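# Working through the structure, step by step
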Amino acid sequence: MTDNQSLALGLGAIFLAVMLALAGSGALSPNRRQVARSLAVVDRMQLGGGSQVLGQELSFADRVLRPFLTAMVRLARRLSSAGVAERLQYRLDVAGNPGSWTVDRLLGVKGAGLVVLGAFGLIVGSKSAAAVAILFGGVLAAAGFFLPNVLLYNTGLKRQQRIQRDMPDALDLLVISVEAGLGFDAAIGQVARNTDGPLASEFFRVLQEMQIGKTRQEAFRALSDRGDVAELRSFTQAIIQADALGIPIARVLHEQADEMRTKRRQRAEERAQKVPVKILFPLVVFILPALFVVVIGPGAISIAKIFSK
């Protein structure tokens, strides 16, 4: 193994170690760690400095990872367009805030991916011409910068599909609960407790927001904005209008449940009609050539032998 290859492997290992440390050590945030760090700085200033705080040495995350993360966040903000924080926060809400990630944590990972993968690409491409090395480093740097966005979008898309799939069953349970005599809020709590998945989490959040003082309309508007699913928006708008106009909730829920079941059946029929088109490409590329070899192959060999004589 050459020196360049060893160096490239070493940088790759460092990148993985940094990512794992950022994800596992909580170096990217929570408020209690920030407050503790601030208190530690004040205590160190009062005691005259050094690396000792309250008789304990600062952790590796406080000494190394946190300054590195701060620099990466600044770099990512400079390279991003205006309003990037709002867009990323919206994508995080759509994805359900996986792992309690924050905008700063995501920006830090984007900046770290840009720097580390860019350096890795320059080292790997250093065996070739300078232009090739710069091109290779630029491609990897761009991939490291935009890959977190792609993963976040993919997570949000899967979550939206799960909500769309769970909506009809959740509405059926909601209708049964209301007809059994429960109030609407209690029925939502019943659905949230007896189901799982992102839709149950969203219903729990709606109840929590109403408990802290939000009106039902405000809580359901926030649910519609977070969900970004057509069926969920239709359901929330119907509930908001029914609450504003005084329409009985049970009748609205009946209509919404019927509509959701109809849409689910239509989606299933649409996917079934797409199957012949999707199967055409593998059929032509992989199955028909093998079939031709099996059927025509023996005859072609016999004809070749006859003409060779």
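### Here's the deal with the overall build of the protein chain
- Each helix and strand in the protein chain was counted, giving eleven helices and two strands.
- The secondary structure elements of the protein chain, listed N-terminal to C-terminal, are α-α-β-β-α-α-α-α-α-α-α-α-α.
- Considering only residue pairs separated by 6 or more positions, the protein chain has 61% of its internal contacts joining residues 24 or more positions apart.
- Only carbon and sulfur atoms are counted for the fraction: they give 63% of the accessible area of the protein chain, which is about 18700 Å².

### Some remarks on the confidence of the model for the protein chain
- In the predicted model, the protein chain carries a mean pLDDT of 77, and 79% of its residues have values of at least 70.
- When pLDDT is averaged over each element of the protein chain, helix α8 (residues 198-211) comes out on top at 89 and strand β1 (residues 52-53) at the bottom at 43.
- Contacts from residues 20-30, a stretch scored under 50 in pLDDT, to residues over four places away or in other chains number 20 contacts.
- Between residues 42-55, whose pLDDT stays under 50, and residues either more than four places distant or in other chains, the model counts 13 contacts.

### Focus on the environment of Ser201
- As for its placement among the helices and strands, Ser201 is situated in helix α8.
- Accessibility expressed as a relative area gives 42% for Ser201, which makes it partly exposed.
- Sequence separation between Ser201 and Gly96 is 105 residues, and the spatial gap between their C-alpha atoms is 8.7 Å.

### A look at the packing of aromatic side chains
- Enumeration according to the criterion identifies four aromatic pairs in this entry.
- Here the guanidinium or amino end of Arg105 rests over the ring plane of Trp101, the centre of that ring lying 5.1 Å away.
- The side chain of Lys110 reaches across the aromatic face of Phe145, ending 3.9 Å from its centre.

### Quick word on the pattern of salt bridges
- The tally for this structure, following the rule as stated, stands at 16 salt bridges.
- In this structure, Glu202 and Arg226 form a salt bridge, with 2.8 Å as the shortest nitrogen-oxygen distance. Of this pair, Glu202 sits in helix α8 while Arg226 sits in helix α9 (residues 216-227); the two residues are 24 residues apart in sequence, bridging distant segments of the chain. Across the pair, exposure class does not vary: Glu202 and Arg226 are buried alike.
- With a shortest N-O distance of 3.6 Å, Arg216 and Asp243 are connected by a salt bridge. You can see Arg216 sitting in helix α9 and its partner Asp243 sitting in helix α10 (residues 230-245), a full 27 residues away along the chain.
- Salt bridges sharing partners connect three or more residues here, namely Arg159, Glu202, Arg205, Glu209, Lys214 and Arg226.

Scoring rules and cut-offs
- Residues numbered from 1 in each chain as written.
- Predicted model: local features only at pLDDT ≥ 70, side-chain atom pairs only at ≥ 80, totals over all residues.
- Heavy atoms only, no water.
- Helix = DSSP H or I, 4+ residues; strand = E, 2+ residues; numbered from the N terminus.
- Contact = heavy atoms within 4.5 Å.
- Areas by Shrake-Rupley, 256 points an atom, 1.4 Å probe, with all protein chains shown as cover.
- pLDDT = per-residue confidence, 0-100.
- Buried < 20%, exposed > 50% of the residue type's maximum accessible area, 1.4 Å probe, protein only.
- Phe/Tyr/Trp six-rings, centres within 6.5 Å; stacked < 30°, edge-to-face > 60°.
- Lys NZ or Arg CZ within 6 Å of the ring centre and 35° of its normal.
- Salt bridge = Lys/Arg side-chain N within 4 Å of Asp/Glu carboxyl O.

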